[in-house]
Amino acid sequence: MNSLERATPSLAVVGCGQMGSGIALTALRSGHDVAVFDQDPAAMRRCIARVDEAAKHAPSSEGQIDAGAAVDRGTLLPASSLEELGSRDIIIEAVREDLATKKEIFAQLDRLCPEHTILASNTSALSITEMSRATDRPDRFGGLHFHIPVTLIKTVEVIPGDETSPETVTALCALAEAMGNEVVLAKDTPGFVTNRLLVPFILDAIRLVEQGTASRDAVDTSMHMACRHPMGPLLLADYIGLDTLRSMAITMHQGLGEERFRPPQLLEGLVAQGHLGVKQGRGFYNYRDPQDEGDHRASIVQRFTEVLR
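Definitions and cut-offs
One numbering rule holds for all chains: residues counted from 1, following each sequence as written. Since the coordinates come from a predicted model, pLDDT governs what is reported: local features require at least 70, and pairs of side-chain atoms require 80 or more to be given and counted, while whole-chain, interface and lining totals use all residues. For side-chain calculations, the full set of non-hydrogen atoms in the structure is used, while hydrogens and water are omitted. To define a nonpolar core, start from buried Ala, Val, Leu, Ile, Met, Phe, Trp, Tyr and Cys residues and group those joined through side-chain atoms within 4.5 Å. Throughout, exposure labels follow a simple rule: accessible area from a 1.4 Å probe, protein chains only, divided by the maximum for the residue type, with under 20% read as buried, over 50% as exposed, and the rest as partly exposed. In what follows, residue pairs with any heavy atoms lying within 4.5 Å of each other are defined as contacts. Each aromatic pair joins two rings of Phe, Tyr and Trp (for Trp, the six-membered one) with centres within 6.5 Å, and gets the label stacked for planes under 30 degrees apart, edge-to-face for over 60, and tilted for any other angle. Put simply, DSSP marks the helices as runs of H or I at least four residues long and the strands as runs of E at least two long, and each gets a number from the N terminus on. The arc refers to the directions leading from the helix axis to the C-beta atoms.

### Things to note about the nonpolar core
Part 1 of the argument: L144 and F146 are the most contacted members of the largest nonpolar core, which has 64 residues in total.
Part 2 of the argument: Look past the residues within four positions of L144 in its chain and what remains in contact with it is I92, A120, S121, N122, V156, E157, V158, I159, L172, L175 and A176.
Part 3 of the argument: If you look at the next biggest cluster of nonpolar residues, it comprises 20 residues, including A79, I105, M131 and A186.

### Focus: the packing of aromatic side chains
Part 1 of the argument: Across all of its chains, the model carries two aromatic pairs by this definition.
Part 2 of the argument: Centroid distance F106 to F141: 4.7 Å. Interplanar angle 70°. Geometry classified as edge-to-face. Placement of F106 in helix α3 (residues 99–112) and of F141 in strand β8 (residues 141–145) is noted, with a sequence separation of 35 residues between them. Grouping residues by exposure puts F106 and F141 together as buried.
Part 3 of the argument: Taking the centre distance of 6.0 Å and the plane angle of 70° together, the rings of Y239 and Y287 count as edge-to-face. Of this pair, Y239 sits in helix α8 (residues 233–240) while Y287 sits in the loop between α10 (265–272) and α11 (295–307); the two residues are 48 residues apart in sequence, bridging distant segments of the chain. Comparing Y239 with Y287, the two get one shared label, buried.

### Looking at helix α7 (residues 216–226)
Counting along an α-helix, one turn takes 3.6 residues, and residues three or four places apart therefore face a common direction.
Part 1 of the argument: For α7, the set of buried residues is R216, V219, D220, M223 and H224. The arc that holds the buried residues of α7, viewed along the axis, is 110°, so those residues lie on one side.
Part 2 of the argument: Looking one or two places after α7, you find R228, whose phi comes out positive at around 65°.

### A few points about unusual backbone geometry
Part 1 of the argument: Looking along the chain, the bond that leaves I148 and enters P149 is cis, with omega of -5°.
Part 2 of the argument: Checked against the element boundaries, P149 lands in the loop between β8 and β9 (155–160).
Part 3 of the argument: Although it is not a glycine, F192 adopts a positive phi angle of roughly 55°.
Part 4 of the argument: Its place among the elements puts F192 in the loop between β10 (182–185) and α6 (194–210).
Part 5 of the argument: Overall, F192 belongs to the buried group, its relative accessible area being 4%.
Part 6 of the argument: Of note in this structure, R228 is not a glycine but carries a positive phi near 65°.
Part 7 of the argument: With respect to the helices, strands and loops of the structure, R228 is situated in the loop between α7 and α8.

This is the structure:
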């Protein structure tokens, strides 16, 4: 029995950052057995601790954890190498947005995995077809783009490459739905659907601040309160990761040739200083000491920081 036939396929997640941890946790909560691997042992430990603690409890509809509501879960298996993932039915890559790094990982997995294994990338903007060319299984390769925070945003983009088989698309859609998500089929174009719309919106928000047209708080308060967005675009950028946002913008600027995708200098400057957002502790906001942001901002920052733990 292979991944196209098994009711609950075994999974692996490569990359243990916020996205990889969220994917693993959501898969566990839906009853899948999940192996996780990251080349950074510290990232592995953080992922395992977060997933193991959070998977003991069920989230409410608002994303808060109900400590009294344990849920059925699959088994979490920490892997010490890519070789240990070879028996998995579907492997989801969730490493940083760098095409060369992703292609190297997929080339290794292609050599290690049996013929039936499906390889999928959680890339935010890179070409699925280009990544599939690093393997000898482009028909069993596709995009599976989750959104941050994975445990709350219940939409997944499934992106076929030029040679992805209909059976693989069906298997990836079935997996996303089994994990409680609504599926959006997207074409293999830079940014797909969500980020093709979202990235220029965030970049325009950054430009307003860069040009002195509006303050950071004015931008985020306007979109949060007037447009009823869960958070403003600058706070959202911090959760995405400013380095990831920059990588997506560059990919779309190069692929589409539109100036609206060029990263603003303010974004370039923050990334150059190492201010990458939530994961590093500082971006447009200070996550090491949210009270420095003032009472109103602190409550929003604290709320979403807790959701992502």
